[in-house]
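Summary of structural features
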2 protein chains.
Amino acid sequence: MASNRRITLRAHPSGNPLPSDFSLIEEAVPQPGPGEMRVRNLYFSMEPAIRGWLDGKDNYFQAIPLGGVIRGPSLGIVEVSNLEGFKPGDHVWGLTHWEDYSILSAETILLERLDVSWNVPLSHYVGALGPSGLTAYVGLHDVGRIKAGDTVVISAAAGAVGSVAGQIARLRGCRVVGLAGSAEKAAILTERLGFHAAINYRAVGDLGAAIADACPDGVDVYFDNVGGRTLDALLPRMRDFGRIICCGMISDYNNQASPTPVHNLWQVVAKQLTMRGFLLFSHMDTLPQARHDLHQWAADGKLVALENVTHGIANAPDSFCRLMAGETIGKTVLAVD
Amino acid sequence: MASNRRITLRAHPSGNPLPSDFSLIEEAVPQPGPGEMRVRNLYFSMEPAIRGWLDGKDNYFQAIPLGGVIRGPSLGIVEVSNLEGFKPGDHVWGLTHWEDYSILSAETILLERLDVSWNVPLSHYVGALGPSGLTAYVGLHDVGRIKAGDTVVISAAAGAVGSVAGQIARLRGCRVVGLAGSAEKAAILTERLGFHAAINYRAVGDLGAAIADACPDGVDVYFDNVGGRTLDALLPRMRDFGRIICCGMISDYNNQASPTPVHNLWQVVAKQLTMRGFLLFSHMDTLPQARHDLHQWAADGKLVALENVTHGIANAPDSFCRLMAGETIGKTVLAVD
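Residues numbered from 1 in each chain as written. Chains lettered and ligands numbered in written order. Predicted model: local features only at pLDDT ≥ 70, side-chain atom pairs only at ≥ 80, totals over all residues. Heavy atoms only, no water.

**Let's talk about the overall build of chain A**
Helix and strand content of chain A: 8 helices and 15 strands. Whereas a compact globule of 337 residues would reach a radius of gyration of roughly 20 Å, chain A reaches 20 Å, a difference of no more than 12%. Viewed in the frame of its principal axes, chain A has a C-alpha envelope of about 60 × 45 × 35 Å. Across the 337 residues that make up chain A, the buried fraction comes to 60%. (Helix = DSSP H or I, 4+ residues; strand = E, 2+ residues; numbered from the N terminus. Rg over C-alpha atoms; globule rule 2.2 N^0.38 Å. Buried < 20%, exposed > 50% of the residue type's maximum accessible area, 1.4 Å probe, protein only.)

Here is the structure:
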């Protein structure tokens, strides 16, 4: 326990972030005060939302200033605790920072003690059994109100949220079509995750036509992780009373000053569509059931936790940049070790 | 009863329609067959949706072909009836055509016998007490779920639907801000219709800033009749969990091939907004209560029926073109006489 390695913001990224936009510094290991605990971080959850904090503008949360430590969710283990309800050895989740050791308190956002007694790898709690999986579950049920027989299209379907969303929809009796950005990803969707069809959007000239081919009766529910041109292609393919689950618009995370315009919103009126945005922490009532179902499916071998794990805190920027460049498959996890 | 004057489509309009895009023809007065009735039309309801049928492409309904009679809703009086449940002298509403005499049957869309016993001018049944008022009511209640204390912004607020929507929202205890395209219209909103504030969007440089000034705590509900740039200006002003009632997007009705792009949809995710489109005939369960409330408010003098009435069937094209150019105030009605 020589020092606390921390990843800081060196420069505001221009478009896609680069590893050179980050620095690694070393500081003394922090000591918890009254009502605090020290956690040794095991895994960072790499999330597109972090991109929004790097531009110097507030986005959900305060912007990260130049020189500031990168904020992000992590899974860690308690070393020293002055916080009631937590003891050394507990596994915890919280919105902390990219660093070896974090100080957490009752005010830490997303703080919870994890039940890691299920027989699955610990990293899965960062992805399919963590917020990514819960987000997929809440989006499909609370927002999209899926029902058996629905045709469900999912964008960024080989990503952290999309890969779980497609499997949940299939387990609920829906017909599931995934959109992904490479032949390799598309093959994973149908061969490993049980999607009924997959479209490599980089290989089709007309995405709208490809969706029409894959969904000849139209689309009941679109789980939108990307926004922009993909949303525009889906809008004319929706069925009357279709639901669009607005989970993320990653196509614009790298370029928030000039978001991609959407032209086909007229379809919202003509087809009586519902487009609804949501954030996981507004749906706390659903989480106990969601956690139960996700863990049960994973334990029963019905849910594949698709993930890519990079090792070493020094590689966190590189891992994040590959996520934002669309190069990763499944949940992107950084193992601190 | 010499002839049946009918307005037909001479040319597909390019952008804003012009009176020269229409023709007036005269034909024999039609005779009703078994199960049909002949209605003498009294008032045509001028509606933006008709614009969508003039481009030769299907839009809700089949496109009107060149030479075809213009389709539109009308209020008429039964002259001869072979249809059970209807007798001469009944006032009826239905989706008919721009003509002196129409043949209606049980298959006529929107067909209903009107209760014209309330002490209001007959033309009001075309607007505030007809589909425009019902659309405003359904949108605010079923789609927007307004509640007392909400800040509600309404676009095209001096129009047929908007002028009623603003008054309903005010009667329900909301704070109501209207957007309109002239100083005259803005003055009518606050002085005659009881809006709390009005913005002449043509007179402000930055519409978003003007909305922020008028709604310092943000916007709970946006009743969107126009889409496009106005929707883009509203999105960043919405409060968390705000609702956008997608009633129409008139900004694009004249130019459906190149709809105005919308850039700020990211706000739907970040603020957990709901955007929902609707059509009146999907909310039949609400109509009895809506009809009752609207008639009661009108009879009690609490609801002003804002309308502009043009006389003479030959002037129907001109009336419609002025509506589509944004030159009319309140419900645009054509008195056939």
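**A closer look at the nonpolar core**
Counting 58 residues, the largest nonpolar core has Leu265(A) and Leu265(B) as its most contacted members. Excluding residues within four positions of it along the chain, Leu265(B) makes contact with Leu231(A), Met249(A), Val262(A), Leu265(A), Leu235(B) and Met275(B). (Core = buried A, V, L, I, M, F, W, Y, C linked by side-chain atoms within 4.5 Å. Contact = heavy atoms within 4.5 Å.)

**What to know about unusual backbone geometry**
Positive phi, close to 65 degrees, is recorded for Phe241(A), a residue that is not glycine. With respect to the secondary-structure elements, Phe241(A) resides in strand β12 (residues 238-246). With relative accessibility at 46%, the residue Phe241(A) sits in the partly exposed group. Although it is not a glycine, Gln272(B) sits at a positive phi angle of roughly 55 degrees. Summarising the element assignment, Gln272(B) is placed in the loop between α6 (266-270) and β13 (274-277). A residue is classified by how much of its surface remains accessible, and Gln272(B), at 5% relative accessible area, is buried.

**Here's the deal with the packing of aromatic side chains**
Taken as a whole and assessed by the stated rule, the structure comprises 10 aromatic pairs over all chains. Consider the rings of Phe44(B) and Trp98(B), whose centres lie 6.3 Å apart with planes at 15 degrees: the pair is stacked. With Phe44(B) in strand β3 (residues 36-45) and Trp98(B) in the loop between β5 (91-97) and β6 (101-105), the pair connects residues that are 54 residues apart, well separated along the chain. What makes Phe44(B) buried here is its relative accessible area of 0%. An aromatic cluster is present here, built from Phe22(A), Phe44(A), Trp98(A) and Phe320(A) joined pairwise through their rings. (Phe/Tyr/Trp six-rings, centres within 6.5 Å; stacked < 30°, edge-to-face > 60°.)

**Some details on the pattern of salt bridges**
Residues and elements named next belong to chain A. Taken as a whole and assessed by the stated rule, the structure comprises 28 salt bridges over all chains. The closest approach of N and O atoms between Glu 27 and Arg 6, which form a salt bridge, is 2.9 Å. Of this pair, Glu 27 sits in strand β2 (residues 22-27) while Arg 6 sits in strand β1 (residues 4-9), and the two are 21 residues apart along the sequence. For Glu 27, a relative accessible area of 34% gives the class partly exposed. Of the residues examined, Arg 6 reaches a relative accessible area of 19% and is grouped as buried. When salt bridges with common partners are traced through the structure, they connect Arg 6, Glu 27 and Glu 99 into a single cluster. (Salt bridge = Lys/Arg side-chain N within 4 Å of Asp/Glu carboxyl O.)

**Considering helix α3 (residues 183-191) of chain A**
All names here are of chain A. Those residues of α3 not exposed but buried are Lys 185, Ala 186, Ile 188 and Leu 189. Axial view of α3: buried residues confined to an arc of 160 degrees, hence all on one face. Of the residues in α3, the exposed ones pointing more than 90 degrees away from the buried face are Ala 183, Glu 184 and Glu 191. (Arc of directions from axis to C-beta.)

**A few points about the interface of chain B and chain A**
Contacts between chain B and chain A engage 28 residues on the former and 29 residues on the latter. Both faces combined, the contact of chain B with chain A buries some 2,400 Å², and carbon together with sulfur accounts for 65% of it. Sorting the residues of chain B by area buried against chain A places Trp266(B), Val269(B) and Gln272(B) first, and these three jointly supply 26% of that buried surface. For the pair chain B and chain A, the interface holds 0 salt bridges. Taken together, the connections running from chain B to chain A amount to 8 residue pairs in polar contact (both at pLDDT 80 or more). Among the secondary structure elements, those contributing two or more residues to the side of chain B that touches chain A are β12 (238-246), α6 and β13 of chain B. Split into classes, the residues belonging to the side of chain B that touches chain A amount to 19 nonpolar, 8 polar and 1 charged. For strand β13 (residues 274-277) of chain A and β13(B), the ladder comprises 3 bridges, and the chain directions are antiparallel. Each residue of the ladder has a partner; that of Thr274(A), found in β13(B), is Arg276(B). (Buried area = accessible area lost by both parts, 1.4 Å probe. Polar contact = N/O pair within 3.5 Å; in protein donor to acceptor, adjacent residues only side chain to side chain. Nonpolar A, V, L, I, M, F, W, Y, C, P; charged D, E, K, R; others polar. Pairing = 2+ DSSP bridges.)

**With respect to a nonpolar patch on the surface**
Taken together, the side chains of Ile109(A), Leu110(A), Phe281(A) and Met284(A) define a hydrophobic patch exposed on the protein surface, amounting to about 380 Å² of accessible area. Residue position: Ile109(A) is located in the loop between β6 (101-105) and β7 (112-113). (Patch = residues over 30% accessible without salt bridge, like charges linked within 9 Å, V, L, I, M, F, W, Y side chains within 5 Å. Areas by Shrake-Rupley, 256 points an atom, 1.4 Å probe, with all protein chains shown as cover.)

**Notes on the pairing of strand β8 (residues 151-154) of chain B**
All names here are of chain B. What you see with β8 is no split at all: Thr 151 and Val 153 on one side and Val 152 and Ile 154 on the other are buried throughout. Relative to strand β9 (residues 175-180), β8 is paired through 4 bridges, and the arrangement is parallel. Within β9, the position partnered with Val 153 by the bridge is Val 177. Following the chain from β8 across helix α2 (residues 160-171) to the adjacent parallel β9, one finds a crossover that is right-handed. As paired strands, β8 and strand β11 (residues 219-224) are joined by 3 bridges and run parallel to one another. Each bridged residue has a counterpart across the sheet, and for Ile 154 the counterpart in β11 is Phe 223. (Right-handed = clockwise from strand over helix to strand, strands pointing away.)

**Focus: the sheet that holds strand β10 (residues 197-200) of chain B**
Reading across from one edge, β10(A)-β9(A)-β8(A)-β11(A)-β12(A)-β13(A)-β13(B)-β12(B)-β11(B)-β8(B)-β9(B)-β10(B) is the order of the 12 strands in this open sheet, with mixed pairing throughout. Two strands bound the open sheet, and with one partner strand each, they are β10 (197-200) of chain A together with β10 of chain B. Averaged over all pairs of adjacent strands, the angle between strand axes in this sheet comes to 15 degrees, irrespective of strand direction. Two strands pair when backbone bridges link them, and strand β11 (residues 219-224) of chain A and β12(A) are joined in this way by 5 bridges, in the parallel orientation. (Axes fitted to C-alpha atoms, helices over the stretch in contact; angles between N-to-C directions.)

**Re the packing of helix α1 (residues 131-143) of chain B against helix α7 (residues 287-299) of chain B**
All names here are of chain B. Their axes nearest at 10 Å, the elements α1 and α7 cross at an angle of 115 degrees. The element α1 and its partner α7 pack so that their crossing is right-handed. Mapping the contact onto sequence places Gly 133, Leu 134, Tyr 137 and Val 138 in α1 and Leu 287, Gln 289, Ala 290, Arg 291, Asp 293, Leu 294 and Trp 297 in α7. Grouping the constituent residues of the contact of α1 with α7 by class yields 7 nonpolar, 2 polar and 2 charged. (Left-handed = near helix turned anticlockwise from the far one by under 90°.)

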